[in-house]
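# Structure at a glance
Chain by chain, the residues:
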Amino acid sequence: MPNLTMIEAVNLAMASEMRRDAEVVVLGEDIGRNGGVFRATLGLLDEFGPDRVIDTPLAETLVAAMAIGLSTQGIKAVAEIQFSGFLYPCVDQVVNHATRYRNRTRGRLTCPMVIRAPNSGGIHAPEHHSESLETTFAHMPGLRVVSPSSPTRAYGLLLAAIRDPDPVIFLEPTRLYRLFKQPVEDTGEALPLDTCFIDREGTDITLVSWGAMMHDTRLVADRLAEEGISAEVVDIATLKPLDMDTILESVAKTGRCVIVSESPRAGGWASEVAANLAEHGLLTLFAPVMRVAGYDTVMPLAKQERVYIPDVDRILREVRKVFDIAPK
Amino acid sequence: MVEPLTIPDTSPGSATTKVASYDIYLTRFLNPDGTLAAEPPAFATDREQARALYELMVRTRLFDKKAVALQRTGQLGTYAAVLGQEAIGVAIGHALKAEDVFIPAYREYAAQFARGVPMVRILQYWGGDERGMDYPAGTPSHHDFPLSVPIATHIPHAIGVAYAMKLRGEKRVVLASCGDGATSKGDWYEAVSAAKVWNLPIVFLVNNNGWAISMPSHRQTGAQTFAQKGLAGGISGEQVDGNDVIATRFVLERAIERARNGEGPSLVEALTYRLHDHTTADDARRYRPEQEVTDAWDRCPVKRYKAYLEARGFWTAADEDALIADGTAIAESTAQEFLKTAPQAPEAIFEHLYERLPKSLEWQRDEVAARGPVGGH
């Protein structure tokens, strides 16, 4: 079984599904000859040709709108936006059309499409290249928002996203693209959407995260294990629709919860999880639910991005508070 | 198509040289008084075909009048009237083939009727019921797009639809329409710019009705015409008298057949006039001189075409009486059908949100279902 990075797993998922289904196309800026700015579409042009590997004009609204038009005709469009900061021109198209055509036409026209975009910071990229957009999209009814946290999940979840009959925003954490490898076999088997993954089982505290922050969250769990604290790590994976059942079950077991998110704190998806815990899990909690999130600032340029992005120390600090209030 | 960048040589002995030029043409067969400006095409000299255009125009006007009356009496929500622009919808409806795809803005009711949308659906939509966009299976409208309220954002969908047709080797065409104001938006430009890159089978139609709510056309652009806005994307643009149903059908058919034959996209600017307010929620007297509207009635598409049919001997006073009586009765029975539309179940708001409602949303649907009908309408 080959060891793949996340970006290679993303590439494999697209190639694999394009081999299986002749009505899958990929489109975006510089995705053909150039193979995409992160090389996610490397080799696809040679294998599938320019009709199915569509280099578009430099127009993000068009990329989203074209994916909508293609998908209404039953072509499964997998669009790439180069960086999440350039997703904003797509928002109008996604919220007013992609998420609504099924409803507006009573199911006559549907949008089985994916918009993939690199997401989050940590790779010293230029301005507008490091934002975390998941909450922006997760608030839109009719959409799926997915963010993988490993090569195997990237492969399985992207396959699921492409096969899904509804629009999916697929946010790939840039700093995990080449951070580590996993054995990924091209089985063509998708992972389930709309469900959290228990990344690691534990009994003393539930750490909830998704995407890029899963890496630091796993490191925290390692550190806690050294101290004899058993952390259960939940990877939300599909942010919208949100599988609260898995999180509530975990918290019912551990009684403690810290949620880790890179996107800004106020009104973020960590807040949505915390609010649900307050409504439905309060009586199983030994201590307040804590959030570790990006600050409510503009995403800083490269030199200061580590100030903004939560890290092991910041997560540990919130974990300590929980155990101070409710010792093991 | 732009070639790989080369900087052209200038004319010998001259510092500057002409590298591109263009012309914009206007087509008209019928003068405003119904006399012929030029010999009309065959479909307009065939009695049945010629009469069909008129009948749809009048039936649409009678429907429109009824819809406004329903709104004025509190029985319909905000409605966008098509008064004065009926010829364009009629022309679209007759120019497209069944297998083509129509992506409308929100005033081309005549085209939708021609393609199989029951009149009652339009009332249901403006009456606040999603089922008004459920166009019937077995009609061309079933694969058409619904009305699009956001301005211009539907136009780039034509790129994806036409690309899909091309990818599958189908000889089908997309017609995407909007108003003059929509051409100010980036979405519109991105579509027009991309269409020629892939030489897609698209006709972009701009209904230039003189006004984008309160702003006159000349405040949308400093360009002499809207037709020339296609030139920047490498698309041929032309104007047509949009109140001349013969010319509009003729020009659209020509552009559609070019697209079908692989000759790529076109832009048609149809010159018309919005005789009504923007919508029933608007009062055009706030910004538009009454005299302008009075003058525009002289260019009315219905009056003009009726004069033509009469001169041809295709239409009599008895025909007119019968059509008005029938069209009025249909508008009335459509209104009654609309008013009797059974309400949707409250939990229907969860239908068609996703193909299958996600498990995490089931409790919300169940809560709505258990609560039952709520007040208001």
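Residues numbered from 1 in each chain as written. Chains lettered and ligands numbered in written order. Predicted model: local features only at pLDDT ≥ 70, side-chain atom pairs only at ≥ 80, totals over all residues. Heavy atoms only, no water.

### Quick notes on the overall build of chain A
Using the following cut-off: The secondary structure listing takes helices from DSSP runs of H or I that are at least 4 residues long and strands from runs of E that are at least 2 residues long, numbered from the N terminus. Using C-alpha atoms as the atom set, the radius of gyration is obtained and then compared with a globule rule of 2.2 Å times the number of residues to the power 0.38. Residue exposure (1.4 Å probe, protein chains only): buried if accessible area is under 20% of the type maximum, exposed if over 50%, otherwise partly exposed. Residues are treated as being in contact if the distance between any of their heavy atoms lies within 4.5 Å. Areas reported here follow the Shrake-Rupley algorithm with a probe of radius 1.4 Å; residue values treat only the protein chains shown as occluding. In summary, the charge assignment counts Lys and Arg as positive and Asp and Glu as negative, without counting His or the chain termini. By convention, the point assigned to a charge is CZ for Arg, NZ for Lys, CD for Glu and CG for Asp.
Scanning chain A from terminus to terminus reveals 12 helices and 14 strands. Its C-alpha atoms give chain A a radius of gyration of 19 Å, within 12% of the compact-globule value 20 Å for 328 residues. For the C-alpha atoms alone, the extent of chain A along its principal axes is close to 60 × 40 × 40 Å. Counting across all 328 residues of chain A, residues that qualify as buried make up 66%. Taking as baseline every contact in chain A between residues at least 6 positions apart, the subset at least 24 positions apart corresponds to 82%. In the form shown here, chain A has an accessible surface area of approximately 11500 Å², with 53% of it arising from carbon and sulfur atoms. Once the 33 positive and 44 negative side-chain charges of chain A are each reduced to a mean point, those two points are 1 Å apart.

### Some words on the overall build of chain B
Secondary structure summary: chain B contains 11 helices and 8 strands in total. Relative to the compact-globule value of 21 Å for 377 residues, chain B shows a C-alpha radius of gyration of 23 Å, a close match. Taken along its principal axes, the extent of the C-alpha atoms in chain B is 85 × 60 × 45 Å. Put simply, chain B has 377 residues, and 52% of those count as buried. Counting only contacts in chain B whose residues sit at least 6 apart along the sequence, the fraction spanning at least 24 positions is 73%. Accessible surface computed for chain B: about 16700 Å², of which carbon and sulfur atoms make up 53%. Charge centroids of chain B, computed over 40 positive and 48 negative side chains, lie 1 Å from each other.

### Examining helix H12 (residues 312-325) of chain A
The criterion, for reference: By definition here, a helix of n residues has an expected span of 1.5 Å times n minus one.
An ideal rise of 1.5 Å per residue puts 20 Å on 14 residues; H12(A) measures up with 20 Å between its terminal C-alpha atoms. Those residues of H12(A) lying buried are Val312(A), Arg314(A), Ile315(A), Leu316(A), Glu318(A), Val319(A), Val322(A) and Phe323(A).

### Side note on the side chain of Asp166(A)
Note on placement: Asp166(A) falls in the loop between helix H7 (151-163) and strand S7 (168-173). What makes Asp166(A) buried here is its relative accessible area of 2%. Not counting chain neighbours up to four residues away, the residues in contact with Asp166(A) comprise Arg102(A), Cys111(A), Pro112(A), Met113(A), Arg144(A), Leu353(B), Tyr354(B) and Glu355(B).

### Digging into the environment of His280(A)
Residues and elements named next belong to chain A. Where we set the bar: Two N or O atoms count as a polar contact when they lie within 3.5 Å, although within protein this holds only if one can serve as hydrogen donor and the other as acceptor, and sequence-adjacent residues are included solely when both atoms are side-chain atoms.
By secondary structure assignment, the location of histidine 280 is in helix H10 (residues 269-280). The class for histidine 280 is exposed, based on a relative accessible area of 53%. Considering only alpha carbons, one finds histidine 280 and proline 192, 88 residues apart in sequence, at a separation of 24 Å. A distance of 3.5 Å separates polar atoms of two side chains, one belonging to histidine 280 and the other to glutamate 279.

### A short note on the interface of chain A and chain B
To keep things clear, this is the line we draw: Accessible-area loss on putting two parts together, using a 1.4 Å probe and summing over both, is the definition of buried area adopted here. A pair is scored as a salt bridge if a Lys or Arg side-chain nitrogen falls within 4 Å of a carboxyl oxygen belonging to Asp or Glu.
If you look at the interface, chain A gives 46 residues, while chain B gives 44 residues. The junction of chain A with chain B conceals about 3500 Å² of combined surface from both sides, 58% of it contributed by carbon and sulfur atoms. A per-residue breakdown of the area chain A buries against chain B is headed by Arg104(A), Arg106(A) and Arg108(A), which together make up 23% of the total. The interface formed by chain A and chain B includes 2 salt bridges. Ionic pairing is found between Asp245(A) and Lys359(B), a salt bridge with its closest N-O pair at 2.9 Å. Linking chain A with chain B are 19 residue pairs in polar contact (both at pLDDT 80 or more).

### Observations concerning the domain arrangement of chain A
Residues and elements named next belong to chain A. Note the cut-off: All the domain ranges listed were derived from an automatic or database domain assignment. Polar here means any residue outside two lists: the nonpolar Ala, Val, Leu, Ile, Met, Phe, Trp, Tyr, Cys and Pro, and the charged Asp, Glu, Lys and Arg; Gly therefore counts as polar.
Domain annotation for chain A reports domain 1 (3-183) and domain 2 (197-325). One C-alpha centre belongs to domain 1, the other to domain 2, and the line joining them spans 26 Å. Counting residues at the interface gives 31 residues for domain 1, matched by 28 residues for domain 2. Roughly 2300 Å² is buried in total at the junction of domain 1 and domain 2, and carbon and sulfur atoms are behind 54% of that figure. The largest per-residue losses of area from domain 1 upon contact with domain 2 belong to Thr135, Arg153 and Arg175, which jointly make up 24% of the total buried on that side. Joining domain 1 to domain 2, the criterion identifies 4 salt bridges. In this structure, aspartate 199 and arginine 153 form a salt bridge, with 2.6 Å as the shortest nitrogen-oxygen distance. Across the contact surface, domain 1 and domain 2 share 15 residue pairs in polar contact (both at pLDDT 80 or more). Elements represented by at least two residues in the side of domain 1 that touches domain 2 include exactly helix H6 (134-138), strand S6 (144-146) and H7. Partitioning the side of domain 1 that touches domain 2 into residue classes produces 14 nonpolar, 11 polar and 6 charged.

### Observations concerning the packing of aromatic side chains
Residue and element names in this part refer to chain B. Convention followed: Each pair of aromatic rings taken from Phe, Tyr and Trp, with Trp reduced to its six-membered ring, is defined by centres within 6.5 Å and is described as stacked if the planes are under 30 degrees apart, edge-to-face if over 60, and tilted in the remaining cases. A ring has a charge above it when a Lys NZ or an Arg CZ is no more than 6 Å from the ring centre and no more than 35 degrees off the ring normal.
Under the counting rule described, the total for this entry stands at 16 aromatic pairs over all chains. Where phenylalanine 63 meets tyrosine 109, the ring centres are 6.1 Å apart and the plane angle is 65°; that geometry is what we call edge-to-face. Residue phenylalanine 63 is found in helix H1 (residues 47-72), and its partner tyrosine 109 is found in helix H3 (residues 109-114); the two are separated by 46 residues along the sequence. The exposure class of phenylalanine 63 is buried, given its relative accessible area of 1%. Assessed through its relative accessible area of 0%, tyrosine 109 is described here as buried. Taking 5.6 Å as the distance between ring centres and 15° as the angle between the ring planes, the aromatic pair formed by tyrosine 79 and tyrosine 109 counts as stacked. Within this pair, whereas tyrosine 79 is found in the loop between H1 and helix H2 (86-95), its partner tyrosine 109 is found in helix H3, the two being separated by 30 residues in sequence. Through a chain of ring-to-ring contacts, the aromatic side chains of Phe63, Tyr79, Tyr109, Phe113, Tyr125 and Trp126 assemble into a single cluster. Residue placement shows arginine 249 over the ring face of phenylalanine 43; its charged tip is 4.0 Å from the ring centre.

### Side note on the packing of helix H3 (residues 60-72) of chain A against helix H4 (residues 88-98) of chain A
All names here are of chain A. As a reminder of what qualifies: Note on geometry: axes are lines fitted to C-alpha atoms, helical ones only across the stretch in contact, with angles between N-to-C directions running from 0 to 180 degrees. The labels follow the angle: roughly parallel below 35 degrees, roughly antiparallel above 145, roughly perpendicular from 65 to 115, and oblique for the rest. By convention the crossing between two helices is left-handed if the near helix lies anticlockwise of the far one by an angle smaller than a right angle, and right-handed if it lies clockwise.
Interaxial distance between H3 and H4 falls to 7 Å at its minimum, and their mutual angle equals 25°. Looking at the two axes, H3 sits roughly parallel to H4. In this structure, H3 crosses over H4, and the sense of that crossing is right-handed. Residue-level inspection shows Glu60, Thr61, Ala64, Ala65 and Ile68 of H3 in contact with H4, the latter providing Pro89, Cys90, Gln93, His97 and Ala98. Considered class by class, the residues forming the contact of H3 with H4 number 6 nonpolar, 3 polar and 1 charged.

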